[in-house]
Amino acid sequence: MIKLGIDFDNTLITYDAIFKKAALEKELIPINFPESKNLIRNYLIDRNQEKLFTILQGEVYGSRIFEASQSEGMYESLRKAKNHGIELFIISHKTKTPYQGPKYNLHNAASNWLEKNLFFEKSGINIPRKNVYFEVTKENKIKRIENLGCSHFIDDLPEILDMVDPKIKKILYNPKLNNLKKNDYINMTNWSDLIKLIN
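Residues numbered from 1 in each chain as written. Predicted model: local features only at pLDDT ≥ 70, side-chain atom pairs only at ≥ 80, totals over all residues. Heavy atoms only, no water.

**Q** Can you walk me through the sheet that holds strand S4 (residues 87-93) in this structure?
**A** Each strand in a sheet pairs with another by means of backbone hydrogen bonds, the pair being arranged parallel or else antiparallel. One open sheet accounts for six strands, arranged S5-S4-S1-S6-S7-S8; its pairing is parallel. Looking at strand neighbours, the two that pair on one side only are strand S5 (132-135) and strand S8 (185-188), the edges of this open sheet. The sheet shows a mean angle of 25° between the axes of neighbouring strands, direction not considered. Sheet analysis places strand S1 (residues 3-6) next to S4, joined by four bridges and oriented parallel. When the bridges of S4 are listed, Ile6 appears paired with Ile90. Strands S4 and S5 of the sheet are contacted by helix H5 (residues 106-116), whose axis makes an angle of about 155° with S5. (Pairing = 2+ DSSP bridges. Helix = DSSP H or I, 4+ residues; strand = E, 2+ residues; numbered from the N terminus. Axes fitted to C-alpha atoms, helices over the stretch in contact; angles between N-to-C directions. Contact = heavy atoms within 4.5 Å.)

Here it is in structure tokens:
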């Protein structure tokens, strides 16, 4: 049986539009700046404003998470996977509260987003709540992936996939082709390719 583990941030959910909106509201970037969390982060770090980015990220991941979008094509692809008998797990590395700024509960915020987007509903993706894990360290995330016996794992970060046991099929969610393909990764540029990539 296929056991598919999936990262949360920037894999199931995309924050690019809300990062730009929130950064513009705080006048941290020029108005014509691209919609890209990573470019906004790099822009602020280059200007010695990493703390401001960390506060911004806490706000976006916390109080403004409902303004973030589902990754394109993700929802229907996961419903199809569930209907194919594939067991789904969400395993995320996420601190309980932001490093800087207001102490939003980031685990609760992410769970509420999943609930609002019908991940737990029988009429939706129908993932059991017990199959969702928010781990406070990367190491705990890796242990969880391995202890659950995941046969495949999807993440947007190559550095996480590098830590995963080589016996697990590693899928890099890479919609913007930002990362070079490695031999031991399956490159997924579009969620609609999921079923054919894991079968």
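After presenting the structure, the write-up continues.
**Q** What's the story with the nonpolar core in this structure? I'm lost.
**A** In globular proteins that are soluble, nonpolar side chains generally tend to be buried together. Core analysis: the biggest nonpolar cluster contains 49 residues, and Phe8, Leu12, Tyr15, Leu78, Leu114, Phe119 and Trp191 have the highest contact counts within it. The element best represented in this core is H5, accounting for five residues. Sequence-distant contacts of Leu114, that is, excluding residues within four places in its chain, are made with Phe8, Leu12, Ile90, Phe119, Phe120, Val132 and Phe134. Core analysis: the next-biggest nonpolar cluster, separate from the first, contains 14 residues, Phe89, Tyr133, Cys150 and Ile168 among them. (Core = buried A, V, L, I, M, F, W, Y, C linked by side-chain atoms within 4.5 Å. Buried < 20%, exposed > 50% of the residue type's maximum accessible area, 1.4 Å probe, protein only.)

**Q** Any chance you could explain the pattern of salt bridges here in plain terms?
**A** Close approach of charged atoms allows side chains with opposite charge to pair. One pass over the structure, following the stated rule, counts 13 salt bridges. Residues Arg64 and Glu25 are paired through a salt bridge, measuring 2.6 Å at the closest nitrogen-oxygen approach. In this pair, Arg64 sits in the loop between helix H3 (50-61) and strand S3 (69-70) while Glu25 sits in helix H1 (residues 16-25), placing the two residues 39 residues apart along the sequence. Owing to a relative accessible area of 11%, Arg64 belongs among the buried residues under this scheme. Taking the relative accessible area as the measure of exposure, Glu25 reaches 48% and is therefore partly exposed. What emerges from the salt-bridge pattern is a single network uniting Lys21, Glu25, Lys26, Glu59, Arg64 and Glu67. (Salt bridge = Lys/Arg side-chain N within 4 Å of Asp/Glu carboxyl O.)

**Q** So what exactly am I meant to see when it comes to unusual backbone geometry here?
**A** Both trends apply: most residues other than glycine have a negative phi, and most peptide bonds are in trans. Residues other than glycine seldom take positive phi values, yet Leu118 does so here, at roughly 65°. Residue position: Leu118 is located in the loop between H5 and S5. The exposure class assigned to Leu118 is partly exposed, which follows from its relative accessible area of 38%. Positive phi outside glycine occurs at Asn126, with the angle close to 65°. Relative to the helices and strands, Asn126 resides in the loop between H5 and S5. For Asn126, a relative accessible area of 28% translates into the label partly exposed.

**Q** Just checking my understanding: could you explain the pairing of S1 for this structure?
**A** Working note: regular strand, side chains alternate between the two faces of the sheet. Here S1 runs beside strand S6 (residues 152-155); their pairing, made up of three bridges, is parallel. By the bridge assignment, Ile6 is partnered in S6 with Ile154.

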